[in-house]
Amino acid sequence: CRMAAPGKVAAFRLPPLPTIGEIIKLFRLKAQKQLSQNFLLDLRLTDKIVRHAGNLKNAHVCEVGPGPGGITRSILSAGVEQLLLIEKDARFIPGLQLLSEAAPGKVHIVHGDILTYKMEKAFPKHLKKNWEDEPPGIHIIGNLPFSVSTPLIIKWLENVSKKDGPFIYGRTQMTLTFQKEVAERLTANPGGKQRSRLSVMSQHLCTVENCFVIPGEAFVPKPEVDVAVVHFTPLVQPKIEQPFELVEKVVRSVFQFRRKYCFRGIETLFPESGRLKRTEQLMMTANVDPTLRPFQLSMSQFRNLCNTYRKMCDEDSSLFVYNYREELKQKKARKLLKSTEETEEENEL
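Everything numeric in this text was worked out from a predicted model, so none of it was measured.

1. Quick notes on the environment of phenylalanine 295
Then, in step 1: When you line up the elements, phenylalanine 295 lands in the loop between α10 (275–286) and α11 (299–315).
Then, in step 2: Distance from phenylalanine 295 to arginine 195, taken between C-alpha atoms, is 5.2 Å for residues 100 residues apart in sequence.
Then, in step 3: Leave out the neighbours within four places in its chain, and phenylalanine 295 touches Pro190, Gly191, Gly192, Arg195, Phe255 and Arg258.

2. What to know about the UniProt feature "binding site: S-adenosyl-L-methionine" (unreviewed entry) in the chain
Then, in step 1: The positions UniProt marks with the feature "binding site: S-adenosyl-L-methionine" (unreviewed entry) are Asn38, Leu40, Gly65, Glu87, Asp113 and Asn143.
Then, in step 2: Note on placement: leucine 40 falls in strand β1 (residues 39–40).
Then, in step 3: Taking the relative accessible area as the measure of exposure, leucine 40 reaches 6% and is therefore buried.
Then, in step 4: Structurally, asparagine 143 can be placed in the loop between β5 (138–142) and α5 (146–162).
Then, in step 5: When its relative accessible area of 16% is taken as the criterion, asparagine 143 is described as buried.
Then, in step 6: Beyond its immediate stretch of four places on either side in the chain, asparagine 143 contacts Asn38, Leu40, Val64, Gly65, Ile71, Thr177 and Phe219.
Then, in step 7: A polar contact is formed between the side chain of asparagine 143 and the side chain of threonine 177, at a distance of 2.9 Å.

3. Here we look at the packing of aromatic side chains
Then, in step 1: For the structure on display, the rule yields 5 aromatic pairs.
Then, in step 2: Ring geometry for phenylalanine 123 against tyrosine 169: centres 5.4 Å apart, planes inclined by 85°, an arrangement best described as edge-to-face. Of this pair, phenylalanine 123 sits in the loop between β4 (107–111) and β5 while tyrosine 169 is found in the loop between α5 and β6 (173–179), placing the two residues 46 residues apart along the sequence. Neither phenylalanine 123 nor tyrosine 169 differs from the other in exposure class; each is buried.
Then, in step 3: Above the face of the phenylalanine 212 ring, lysine 48 is positioned so that its terminal group lies 4.3 Å from the ring centre.
Then, in step 4: Here the basic side chain of arginine 264 rests over the ring of phenylalanine 257, its NZ or CZ set 4.3 Å away from the ring centre.

What counts and what doesn't
- Residues numbered from 1 in each chain as written.
- Predicted model: local features only at pLDDT ≥ 70, side-chain atom pairs only at ≥ 80, totals over all residues.
- Heavy atoms only, no water.
- Helix = DSSP H or I, 4+ residues; strand = E, 2+ residues; numbered from the N terminus.
- Contact = heavy atoms within 4.5 Å.
- UniProt positions renumbered as here; feature names shortened; annotations may be inferred.
- Buried < 20%, exposed > 50% of the residue type's maximum accessible area, 1.4 Å probe, protein only.
- Polar contact = N/O pair within 3.5 Å; in protein donor to acceptor, adjacent residues only side chain to side chain.
- Phe/Tyr/Trp six-rings, centres within 6.5 Å; stacked < 30°, edge-to-face > 60°.
- Lys NZ or Arg CZ within 6 Å of the ring centre and 35° of its normal.

Structure representation (structure tokens):
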């Protein structure tokens with residue numbers, strides 16, 4: 001793509017184009033239910049999503065899953081310098097090429113999967129900023145299919161933690177859509193009903209803002225749930241300064257038994273031999289009340305649990321690789337084998 005001449009910031013306007021509805025008819029596009037696709041046709045709403053992304057003038061933007069191109073038009077109208085479109089569904093490419101031709105030199109289309117696309121090479125090197133600086137002029141925007149939204153945000157949170165992928169350029173901001181319930185989990189405070197693993201993992205790494213809710217009837221086809229727009233800005237300093245895998249393991253274990261006391265989930269961090277003693281040691285050292293429910297734990301309590309668990313792993317290297325579910329599987333397999341052997345003995349008798 002050609003780079004815009006530096007210093008020249010003229011207001012950009014798209015030439016007259018078919019409406020999104022006309023694009024859908026023209027290319028016979030139909031949302032595929034198995035891919036959880038929903039089209040947003042109202043340009044007032046797509047403009048609103050883009051406004052919540054911040055100032056995009058002269059910015060470099062990656063839009064994930066542009067589909068028929070509703071949000072794409074709003075991004076281009078915001079005066080971006082370069083727009084990278086990553087679309088997995090080949091049916092949408094011809095319609096996006098129309099937009100590319102209407103904005104010469106600004107749009108680059110990639111037919112690929114965002115879960116495997118190498119984001120660390122997506123933008124020019126000169127845009128890189130130090131982590132402590134203000135966020136770079138790079139934004140990720142997307143109306144994500146429900147089926148991909150949660151695994152994708154977990155992947156990007158891991159990238160934030162390791163400062164790689166799209167965050168190799170600095171604290172890249174993201175504005176993404178989620179099912180309303182998922183958005184409520186992402187932003188839930190301690191004690192709230194929606195507090196979950198997703199709440200802790202996202203909030204310990206980012207400032208997470210639930211911007212606004214889009215009613216389901218604004219989409220075609222209408223989903224069974226409303227949709228929320230969520231904005232993420234990575235924190236300069238994570239609230240839990242431990243490796244992503246360790247934090248994820250502790251938080252996942254705590255929320256494994258959501259309705260029970262938190263010590264029940266923490267027990268699953270340790271092998272059956274010595275489990276009770278080690279659980280007591282972890283909770284006492286971390287100064288966490290074992291009778292709290294998982295959703296009641298504060299971020300500082302999760303930090304204490306992670307820091308203490310890290311010390312225990314440093315003392316016993318086999319601890320971190322221990323897998324509770326794997327131990328359960330082996331236990332069931334032994335029981336099944338024993339039962340089979342007993343049945344065979346009875347049959348012989």
